[in-house]
Amino acid sequence: MDREHPGVTFCRYVDDVVVHSTTLGQAERLRSAIAARMVEVGLALHPVKTKIVYCKDNGRRGSAEHESFTFLGFTFRARAARNKHGVIFASFLPGPSREALKAMGQRVRRWRIHRHVNSDLADLARWMNPIVRGWMQYYGRFYRTGLYPLLKRINTYLMRWARKKYRRLHGFKKAKAWWDAVCDRYPRGFAHWQWTRGLMQAGW
């Protein structure tokens with residue numbers, strides 16, 4: 001790329017590469033050139049994963065077969081954004097990929113938080129915060145609201161833990177009052193409470 005296409009920007013991580021082009025014609029020529037170079041070194045482009053993506057946003061018209069791609073756990077696609085005047089428009093932005101969210105959700109489910117009734121909130125926070133904070137720092141760097149469903153699920157699991165640990169919290173009103181009081185008393189108790197203290201709907 002540096003030798004043959006010095007004006008083209010690209011990003012590589014191990015064997016995943018994203019190459020930027022300004023026109024469809026340029027993208028097709030680059031794909032052919034890269035494929036030829038791979039053959040020279042005994043490699044080949046992945047026949048399914050290799051694709052030309054139209055980065056459609058508010059300023060681009062038309063459509064294409066592929067209008068999104070995933071790279072390093074982020075899916076890049078058209079998303080709602082707000083300009084400095086508060087007007088919402090479509091912008092081509094990264095956000096946590098569906099695969100990444102699924103993997104994080106599966107890990108949280110395997111924690112079986114509700115079974116740790118011999119622990120207190122501080123114990124749970126010491127165990128969970130380093131992991132959740134890492135997710136927030138990486139996946140929350142762009143379009144953090146994409147993480148909110150996962151974080152709300154964690155909150156719901158914490159609520160289930162509390163209702164199992166404290167029998168008096170079986171009623172909705174008592175449980176909600178306890179939750180609100182704990183969040184107000186310890187606003188930084190769990191790393192993700194800085195972003196949301198909400199619960200999943202029908203998560204009681």
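Up top is the structure these notes are about.
Calculation rules
Residues numbered from 1 in each chain as written. Predicted model: local features only at pLDDT ≥ 70, side-chain atom pairs only at ≥ 80, totals over all residues. Heavy atoms only, no water. Phe/Tyr/Trp six-rings, centres within 6.5 Å; stacked < 30°, edge-to-face > 60°. Helix = DSSP H or I, 4+ residues; strand = E, 2+ residues; numbered from the N terminus. Buried < 20%, exposed > 50% of the residue type's maximum accessible area, 1.4 Å probe, protein only. Lys NZ or Arg CZ within 6 Å of the ring centre and 35° of its normal. Expected span 1.5 Å × (residues − 1). Contact = heavy atoms within 4.5 Å. Axes fitted to C-alpha atoms, helices over the stretch in contact; angles between N-to-C directions. Left-handed = near helix turned anticlockwise from the far one by under 90°. Nonpolar A, V, L, I, M, F, W, Y, C, P; charged D, E, K, R; others polar. Pairing = 2+ DSSP bridges.

**Quick notes on the packing of aromatic side chains**
Piece 1. Scanning the model with the defined rule gives 13 aromatic pairs in all.
Piece 2. Relative to Trp135, the ring of Trp111 has its centre 6.0 Å away and its plane inclined at 5°; by these criteria the two rings are stacked. Placement of Trp111 in helix 2 (residues 98-111) and of Trp135 in helix 3 (residues 121-139) is noted, with a sequence separation of 24 residues between them.
Piece 3. Classification of Trp111 as buried rests on a relative accessible area of 9%.
Piece 4. A centroid spacing of 4.9 Å and a plane angle of 55° characterise the contact between Phe190 and Trp193, whose relative ring orientation is tilted. Like Phe190, the residue Trp193 is buried in the burial classification.
Piece 5. A connected cluster of aromatic rings, assembled from ring pairs, spans Trp161, Tyr166, Trp178, Trp179, Phe190 and Trp193.
Piece 6. Just above the ring of Tyr143 sits the side chain of Arg79; from NZ or CZ to the centre is 5.1 Å.

**Re helix 4 (residues 148-165)**
Each full turn of the α-helix corresponds to 3.6 residues, which orients residues three or four apart in the same direction.
Piece 1. Taking 1.5 Å of rise per residue, 18 residues should cover 26 Å, and helix 4 covers 25 Å from first to last C-alpha, within 8% of that figure.
Piece 2. Burial in helix 4 covers these residues: Leu150, Leu151, Ile154, Asn155, Thr156, Tyr157, Leu158, Met159, Trp161, Ala162 and Arg163.
Piece 3. On the buried face of helix 4, the contacting elements are helix 2, helix 3 and helix 5 (172-185).

**Concerning the packing of helix 4 against helix 5**
Pairs of packed helices are described in terms of their axes, by the angle between the two and the distance that separates them.
Piece 1. Here helix 4 crosses helix 5 at 115°, and the two axes come no closer than 11 Å. In this structure, the crossing between helix 4 and helix 5 has a hand that is right-handed. Each of Asn155, Leu158, Met159, Trp161, Ala162 and Arg163 in helix 4 lies in contact with helix 5, whose residues at this interface are Ala175, Trp178 and Trp179.
Piece 2. Of the residues that constitute the contact of helix 4 with helix 5, the class distribution is 7 nonpolar, 1 polar and 1 charged.

**Looking at the pairing of strand 4 (residues 74-82)**
Piece 1. Relative to strand 4, strand 3 (residues 69-71) runs antiparallel, the two sharing 3 bridges. Following the sheet pairing, Phe69 is matched in strand 4 by Phe76.
Piece 2. A loop of 2 residues connects strand 3 with strand 4, the two strands running antiparallel in sequence, and Leu72 in this loop sits at a positive phi of about 55°.
Piece 3. With 9 bridges connecting them, strand 4 and strand 5 (residues 88-96) associate as antiparallel partners. Looking at strand 5, one finds that Ala80 is bridged to Ala90.
Piece 4. Count of turn residues in the strand 4/strand 5 antiparallel hairpin: 5 residues, of which Gly86 carries a positive phi of about 85°.

Note that every value here comes from positions in space, so none of it alone points to a role or purpose.
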